[in-house]
Amino acid sequence: MKLKAIITGSTGMVGKGVLYECLESNDVESVLVVNRQALGIEHNKIKEIILNDFHDLSSIRDQLQGYNACFFCLGISSVGLSEEKYHKVTYDLTLHFANTLQELNPDLTFIYVSGEGTDSSEKGRMMWARVKGKTENALLGMPFKAAFMFRPGYIQPMRGIKSRTRAYNALYFIFKPLYPLLKWLFPKHVTTTDNVGKAMIAVTLNGYKKKWLGNGDINLVVSG
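All values derive from a computational prediction rather than experimental measurement.

**Q** I'd love a proper account of the side chain of Arg151, names of residues and values included.
**A** Its location among the elements puts Arg151 in the loop between strand E6 (146-150) and strand E7 (154-156). At 2.7 Å, the side chain of Arg151 and the side chain of Ser120 are in polar contact. Side chain to side chain, Arg151 and Glu136 meet in a polar contact 2.5 Å long. With near-sequence residues (within four places) excluded, Arg151 lies in contact with Ser114, Gly115, Glu116, Thr118, Ser120, Glu136, Trp212, Leu213, Gly214 and Asn215.

Shown next as structure tokens:
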């Protein structure tokens with residue numbers, strides 16, 4: 001099976017890493033990127049849609065048909081946001097996009113980038129973790145062919161990819177030469193943008209024993 005994948009958030013660090021792996025993979029036939037701003041990458045596999053309001057997909061609905069994978073990497077930080085606003089972007093937006101894709105593509109596999117510490121009980125003290133957990137639970141209850149929740153912790157950006165948060169880039173610069181040591185010391189807690197992308201492709205094609213994948217699972221999928 002060849003993948004025809006939709007990627008959201010490909011201007012961000014994780015999404016761009018996933019996109020690069022899709023462009024290099026022989027298992028991926030085509031990629032539709034849906035972003036708020038232009039990606040600035042040209043490739044014969046890529047089709048790009050610029051969409052200002054992800055809460056309204058009516059103008060692009062017809063262009064979302066014919067895909068069998070969605071790698072949903074779109075997200076925002078909860079810092080400085082009320083729970084209402086964070087819920088609107090994280091839960092409402094994601095579920096609207098997911099419901100639309102499921103209606104149009106019954107055989108689609110949906111992969112959602114959540115985060116280490118996400119709260120599946122939806123009752124914890126951390127607001128972002130509750131909302132992410134609610135989003136995961138809703139996605140897992142939808143009739144996709146399959147759905148997987150990626151919960152990465154520390155991700156080392158590769159291939160010159162940078163975070164859109166300047167402070168994070170300084171951190172990644174410091175830790176880059178230390179990554180081989182970190183990988184050896186904490187193999188279940190660190191991964192790379194390359195591995196996240198490769199793991200998404202692999203679990204879409206082959207499935208996985210868990211619905212929630214942390215860094216250890218992501219690395220295990222890639223290493224075989």
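**Q** Explain the nonpolar core residue by residue, including any values.
**A** Among the nonpolar cores identified, the biggest contains 33 residues, and Val18, Phe71, Phe150 and Met200 are the most heavily contacted of them. Put simply, the parts of the chain that give this core at least two residues each are strand E1 (3-8), helix H1 (13-24), strand E2 (28-35), strand E4 (69-72), strand E5 (109-113), E6, helix H6 (193-206) and helix H7 (215-223). Setting aside its immediate chain neighbours within four residues, Val18 contacts Ile7, Phe71, Cys73, Val196, Gly197 and Met200. Judged by nonpolar contacts, the second largest core, of 31 residues, contains Leu32, Val34, Tyr112 and Met127.

**Q** Would you mind going over the sheet that holds E4 in detail, with residue names and values included?
**A** Spatially, E3-E2-E1-E4-E5-E6-E9 is the arrangement adopted by the 7 strands of the open sheet, whose pairing is parallel. Two strands in the sheet have a free side with no partner beyond their single neighbour: strand E3 (46-50) and strand E9 (212-213). Pairing between E1 and E2: 6 bridges, direction parallel. Bridge pairing links Thr8 to Val34 in E2. The strands touched by H1 are E1, E2, E3, E4 and E5; relative to E2, the strand with the most contacts, the crossing angle is about 155°.

**Q** Just give me the short version of the side chain of Thr109, but keep the residues and values in it.
**A** By secondary structure assignment, the location of Thr109 is in strand E5. The class of Thr109 is buried, set by a relative accessible area of 2%. Aside from chain neighbours lying at most four places away, what touches Thr109 is Asn68, Ala69, Cys70, Lys145, Ala146, Phe148 and Thr204.

**Q** Talk me through the packing of H1 against H6; I want residue IDs and the actual numbers.
**A** At a minimum axis separation of 8 Å, H1 and H6 run at an interaxial angle of 60°. With respect to H6, the axis of H1 lies oblique. Where H1 crosses over H6, the handedness of that crossing is right-handed. When H1 is examined against H6, the residues Met13, Val14, Gly17, Val18, Glu21 and Cys22 are found in contact with a partner set consisting of Thr193, Asp194, Val196, Gly197, Lys198, Met200 and Ile201. Taken together, the residues of the contact of H1 with H6 break down into 7 nonpolar, 3 polar and 3 charged.

Calculation rules
Residues numbered from 1 in each chain as written. Predicted model: local features only at pLDDT ≥ 70, side-chain atom pairs only at ≥ 80, totals over all residues. Heavy atoms only, no water. Helix = DSSP H or I, 4+ residues; strand = E, 2+ residues; numbered from the N terminus. Polar contact = N/O pair within 3.5 Å; in protein donor to acceptor, adjacent residues only side chain to side chain. Contact = heavy atoms within 4.5 Å. Core = buried A, V, L, I, M, F, W, Y, C linked by side-chain atoms within 4.5 Å. Buried < 20%, exposed > 50% of the residue type's maximum accessible area, 1.4 Å probe, protein only. Pairing = 2+ DSSP bridges. Axes fitted to C-alpha atoms, helices over the stretch in contact; angles between N-to-C directions. Parallel < 35°, antiparallel > 145°, perpendicular 65-115°, else oblique. Left-handed = near helix turned anticlockwise from the far one by under 90°. Nonpolar A, V, L, I, M, F, W, Y, C, P; charged D, E, K, R; others polar.

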